[in-house]
Amino acid sequence: MSLPRRPPALLVAPLLALALLLTGCSSGAAPEKTPAGVPGQGAAGPQSDAASALRSSPGPTLAPGPAEIPDLGPQTLAQIPAEARQAFVVTGEETDSYRSRAVLYSRADPAQGWEPVAGPWPAHNGMDGWTDHHVAGDRRSPTGVYPLTDAGGRLPDPGALLPYDEHPRFAVDGEGFFGEPLEGSFDYVVAINYNRTEGVSPLDRTRPLGLERGGGIWIHVDHGGPTQGCVSVPEERMEELLRTLDPEMNPVIVMGDGETLRR
């Protein structure tokens, strides 16, 4: 009688290892490998459940910051003094255009920021548009941010809050660039503090930067066409502006073509 032979000892270990692999068992000594695409317990990656939980969990609610004046870039905003709480923003259509629009903004509550309070109004500027370096006779309006501190006109004070100089020297005649009459253009004016001394009548001809840099840049009554360098708005808007600009709010004008103001 023949007895069954035992398998050679050298074959036992490989056969046992193969059986363990086929059954998927683990000894517990080595971690089981995570199949591709199945979340593991490591650091949260972009596709992990942990990362999804972080994305979906609500964060702290931040209060909105103070509102800024739209369409003004960081350079322009930085020029507006911190104490200014009224800004008359005059935006030209193009660098070489004499057509603009004007909006008055106020920040009565600095915590809330700027809000429009009047406008938009149609406006005109210099015949040849805008410039960063205004000189006498260039027929361009100077870009920038300038305080508004003094007013005046040929007509009696309509209730201006700024100091108002009524004087017959504000009379003007003649024709504009397109033949439109200029009479009445200076019935109401607000001096733009470009190359002038603050706290005096708009008629004052002191030019701190020199005569070659021009001067006499005002906001005045529109005559239906471009200006030599001033900004003009309709007469009823000038009256409204004079009754609204408040020296206690340190008003300024922000003026230039749209591309420049967005810088």
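Residues numbered from 1 in each chain as written. Predicted model: local features only at pLDDT ≥ 70, side-chain atom pairs only at ≥ 80, totals over all residues. Heavy atoms only, no water.

### Quick word on the pattern of salt bridges
This structure, assessed with the given rule, holds eight salt bridges. The closest approach of N and O atoms between Asp 132 and Arg 263, which form a salt bridge, is 3.3 Å. With Asp 132 in the loop between strand 4 (130-131) and strand 5 (141-142) and Arg 263 in the segment after helix 5 (258-261), the pair connects residues that are 131 residues apart, well separated along the chain. Across the pair Arg 237 and Glu 240 runs a salt bridge, and its minimum N-O distance is 3.3 Å. One end of the pair is Arg 237 and the other is Glu 240, both in helix 4 (residues 235-244) and three residues apart, which spans about a single turn. (Salt bridge = Lys/Arg side-chain N within 4 Å of Asp/Glu carboxyl O. Helix = DSSP H or I, 4+ residues; strand = E, 2+ residues; numbered from the N terminus.)

### A word on the layout of surface pockets
If a probe as big as a water molecule is rolled over the atoms, it shows which places are left empty. Here the largest pocket is characterised by a volume of approximately 600 Å³. The wall of the largest pocket is formed by 32 residues, among which Phe 186, Gly 215, Gly 216, Gln 228 and Cys 230 lie closest to the centre. (1 Å grid on protein atoms, 1.4 Å probe; cavity = no way out; pocket = protein on both sides within 12 Å on 5 of 7 lines; lining within 4 Å. Points joined across faces, edges and corners; volume = space filled by probe spheres on them.)

### Regarding the packing of aromatic side chains
Summed over all chains, the structure comprises five aromatic pairs. Note on Tyr 146 and Tyr 194: the rings are 5.9 Å apart at their centroids and 85 degrees apart in plane angle, and the pair reads as edge-to-face. Here Tyr 146, found in strand 6 (residues 144-147), pairs with Tyr 194, found in the loop between strand 9 (189-191) and strand 10 (218-221); they are 48 residues apart in sequence, far enough to count as distant. For the pair Tyr 146 and Tyr 194, a shared accessibility class is recorded, and that class is buried. These aromatic residues form a ring-pair network of at least three members: Phe 170, Phe 186 and Trp 218. (Phe/Tyr/Trp six-rings, centres within 6.5 Å; stacked < 30°, edge-to-face > 60°. Buried < 20%, exposed > 50% of the residue type's maximum accessible area, 1.4 Å probe, protein only.)

### So, the pairing of strand 10
Judged from the three bridges that link them, strand 9 and strand 10 form a sheet pairing that is antiparallel. Bridge pairing in strand 10 links Ala 191 to Trp 218. Judged from the three bridges that link them, strand 10 and strand 11 (residues 231-233) form a sheet pairing that is parallel. Of the residues in strand 11, the one forming a bridge with His 220 is Ser 232. (Pairing = 2+ DSSP bridges.)

### A word on the confidence of the model for the protein
Low-pLDDT stretches of the model should not have their predicted coordinates read in fine detail. Scored by pLDDT, the protein comes out at a mean of 83, with 76% of its residues at no less than 70. The low-confidence segment residues 1-56, where pLDDT is below 50, has eight contacts with residues more than four positions distant or belonging to other chains. (pLDDT = per-residue confidence, 0-100. Contact = heavy atoms within 4.5 Å.)

### Comments concerning empty space enclosed by the protein
Counting across every chain of the model gives one cavity of 30 Å³ or more. The calculated volume of the largest cavity comes to roughly 40 Å³.

### So, unusual backbone geometry
The omega torsion across Gly 119 and Pro 120 is 10 degrees, close enough to zero to call that bond cis. At Asp 71, a position not held by glycine, the phi torsion is positive, near 70 degrees. Of note, Asp 71 is situated in the loop between helix 2 (49-56) and helix 3 (74-79). Located in the positive-phi region is Asn 195, a residue other than glycine, with phi close to 50 degrees. Counting through the fold element by element, Asn 195 comes out in the loop between strand 9 and strand 10. For Asn 195, a relative accessible area of 6% translates into the label buried.

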